[in-house]
Structures are given as structure tokens and as C-alpha cells.
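For reference, the chains in residue letters:
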Amino acid sequence: MNTAPEESVMPAAFDRLLLAFSTLRSYGIEARIIEGENPQAEMDLIQDQLRQRFPSATGCCLVALRSDLDCFAPDGRLVKPLRIHHRGLSVFPAARGALKKFDLDVCEDGESRMLVFDARPESRDVSFDSPLAGLEQ
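Now for a look at the structure at hand. Sequence order sets the numbering: in each chain, residues are counted from 1 along the sequence as written. Thresholds applied to this predicted model are a pLDDT of at least 70 for local features of residues and 80 or more for the giving and counting of side-chain atom pairs; totals over whole chains, interfaces and linings are not thresholded and use all residues. Side-chain numbers come from the whole structure's heavy atoms, not from hydrogens or water.

## Structural notes on the overall build of the protein
Then, number 1: Each helix and strand counted, the protein has 3 helices and 5 strands in total.
Then, number 2: Runs of H or I in DSSP of at least four residues are treated as helices and runs of E of at least two as strands, each being numbered from the N terminus. When the helices and strands of the protein are listed from N to C terminus, the series reads α-β-α-β-β-α-β-β.
Then, number 3: Sequence-distant contacts in the protein: of pairs separated by 6 or more residues, those separated by 24 or more amount to 58%.
Then, number 4: Every accessible area reported is derived by Shrake-Rupley at a probe size of 1.4 Å, with residue values counting cover from the shown protein chains alone. Accessible surface computed for the protein: about 8,300 Å², of which carbon and sulfur atoms make up 51%. Residues count as neighbours in contact if any of their non-hydrogen atoms are within 4.5 Å of one another.

Right, here's the structure in full:
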């Protein structure tokens, strides 16, 4: 019987990010990877779209810019922190919980931003110039 090593079947950080985004959407928080360059304008657009379809919607949302996805290696490993923007009441704790469920940790990076990094030590590939360099879990 030929079995693949356990690490080769573990989902990469990018896959786990998408799973967390899906979880957030199931709880009514719109989570998207967007093409735009201005996250605030994009979140305004998302809120308008949500309220057109669902007039009583809260408009809670979370976005990652596609241009920021260079923090992922081609194999999906997170090699530097990903910046995510959020808006709405309790979005940060909900996002933190959803990301934590898939072994991704976050830290606040301002009022409406968070940094996401891989909580799996074996998946971490942190360079010395990274803001996470030297942190011990």
C-alpha cells in the first residue's frame, strides 16, 4: 500500500483562506477577493449591492485585494502576512474565529484592517524582514 505523506494532503493556506471566507458568507458576512485598488470604495459597492437585494441587510463585509495575493507562494503557502479589510459590527471577531478554525491567525492592523498569517508552524516560511520574524507561538 502506497500512502502519500500527511503534509502533502493538508490544504494550503490559500485553500484554508477560501474555506474561512465561505464560512463567513454562511453567517451573513460577505467575504470576497476583489480586483479593485481601493478597499473602502469596494466595500461601499458591496454594501450597496447587498442592500439592493436584501434591504434589511447589515452590509457587513470583508475583502482582500487580488493585488495583495502575492503573499502566497505558487503552492498556496502563505509566505508573508495577507492584509484583509473589513467593515461592520463584530466582523473582526467573526473573521478571527473563522480563520482560526482553519489554522490561520490574525492580528489587528488598524481600525478596519487585519493581517492574516499561517498558524501551522510547519507551513510558515517567514523571512527575516517580515513583521512576523522572531515571533514565537
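There is more to say, and it comes next.
## Brief notes about the pairing of strand 2 (residues 61-65)
Then, number 1: Of all 5 residues in strand 2, 5 are buried, a share of seventy percent or more.
Then, number 2: The classification of residues rests on relative accessible area computed with a 1.4 Å probe and restricted to protein chains. Under 20% of the type maximum is buried, over 50% is exposed, and intermediate values are partly exposed. In strand 2, alternate side chains face the same way, and those of Cys 61, Val 63 and Leu 65 on one face and Leu 62 and Ala 64 on the other are all buried.
Then, number 3: In terms of strand pairing, strand 1 (residues 30-34) meets strand 2 through 5 bridges, oriented parallel. Note that in strand 2 the partner of Ala 31 across the bridge is Leu 62.
Then, number 4: With the strands pointing away from the viewer, any crossover whose connection runs clockwise from the first strand over the helix to the second is right-handed. Read from strand 1 through helix 2 (residues 39-53) to strand 2, the crossover connection turns out right-handed.
Then, number 5: DSSP-based pairing: two strands are paired if at least 2 bridges between them are found. Judged from the 3 bridges that link them, strand 2 and strand 3 (residues 82-87) form a sheet pairing that is antiparallel. Looking at strand 3, one finds that Val 63 is bridged to His 85.

## Quick look at the packing of helix 1 (residues 13-26) against helix 3 (residues 91-101)
Then, number 1: In contact at an axis separation of 8 Å, helix 1 and helix 3 are set at 135° when each is read in the N-to-C sense. As far as their axial angle goes, helix 3 and helix 1 are oblique. In the crossing of helix 1 with helix 3, the sense of the turn from one axis to the other is right-handed. Across the interface between the two elements, Leu 17, Ala 20, Thr 23 and Leu 24 of helix 1 pack against Ala 94, Ala 95, Ala 98 and Leu 99 of helix 3.
Then, number 2: Class assignment of the residues belonging to the contact of helix 1 with helix 3 gives a composition of 7 nonpolar, 1 polar and no charged. A fitted line through C-alpha atoms represents every axis, and for helices the fit uses only the stretch in contact; the resulting angles, taken between N-to-C directions, go from 0 to 180 degrees. Roughly parallel means an angle under 35 degrees; roughly antiparallel, over 145; roughly perpendicular, 65 to 115; everything else is oblique. Left-handed describes a crossing in which the near helix is turned anticlockwise from the far one by less than a right angle; the clockwise case is right-handed. For this scheme, ten residues count as nonpolar: Ala, Val, Leu, Ile, Met, Phe, Trp, Tyr, Cys and Pro. Four count as charged, namely Asp, Glu, Lys and Arg, and the remainder, Gly too, count as polar.

## Some thoughts on the environment of Asp 68
Then, number 1: Topologically, Asp 68 is positioned in the loop between strand 2 and strand 3.
Then, number 2: On the basis of relative accessibility, which here comes to 24%, the residue Asp 68 falls in the partly exposed class.
Then, number 3: Residues Asp 68 and Glu 35, spaced 33 residues apart in sequence, show a C-alpha to C-alpha distance of 10.0 Å.
Then, number 4: Those residues in contact with Asp 68, other than ones at most four positions away along the chain, are Leu 82 and Arg 83.

## Thoughts on the sheet that holds strand 2
Then, number 1: Ordered by their spatial adjacency, 5 strands build an open sheet running 1-2-3-5-4, and the pairing between neighbours is mixed. The open sheet has two free edges, formed respectively by strand 1 and strand 4 (104-108), since each of these has just one partner strand. The sheet shows a mean angle of 30° between the axes of neighbouring strands, direction not considered.
Then, number 2: Packing against the sheet, helix 1 makes contact with strand 1, strand 2, strand 3, strand 4 and strand 5 (113-118), and its axis sits at approximately 140° to strand 1.
Then, number 3: On top of the sheet, helix 3 reaches strand 2, strand 3, strand 4 and strand 5; it is set at about 155° to strand 4, its chief contact.

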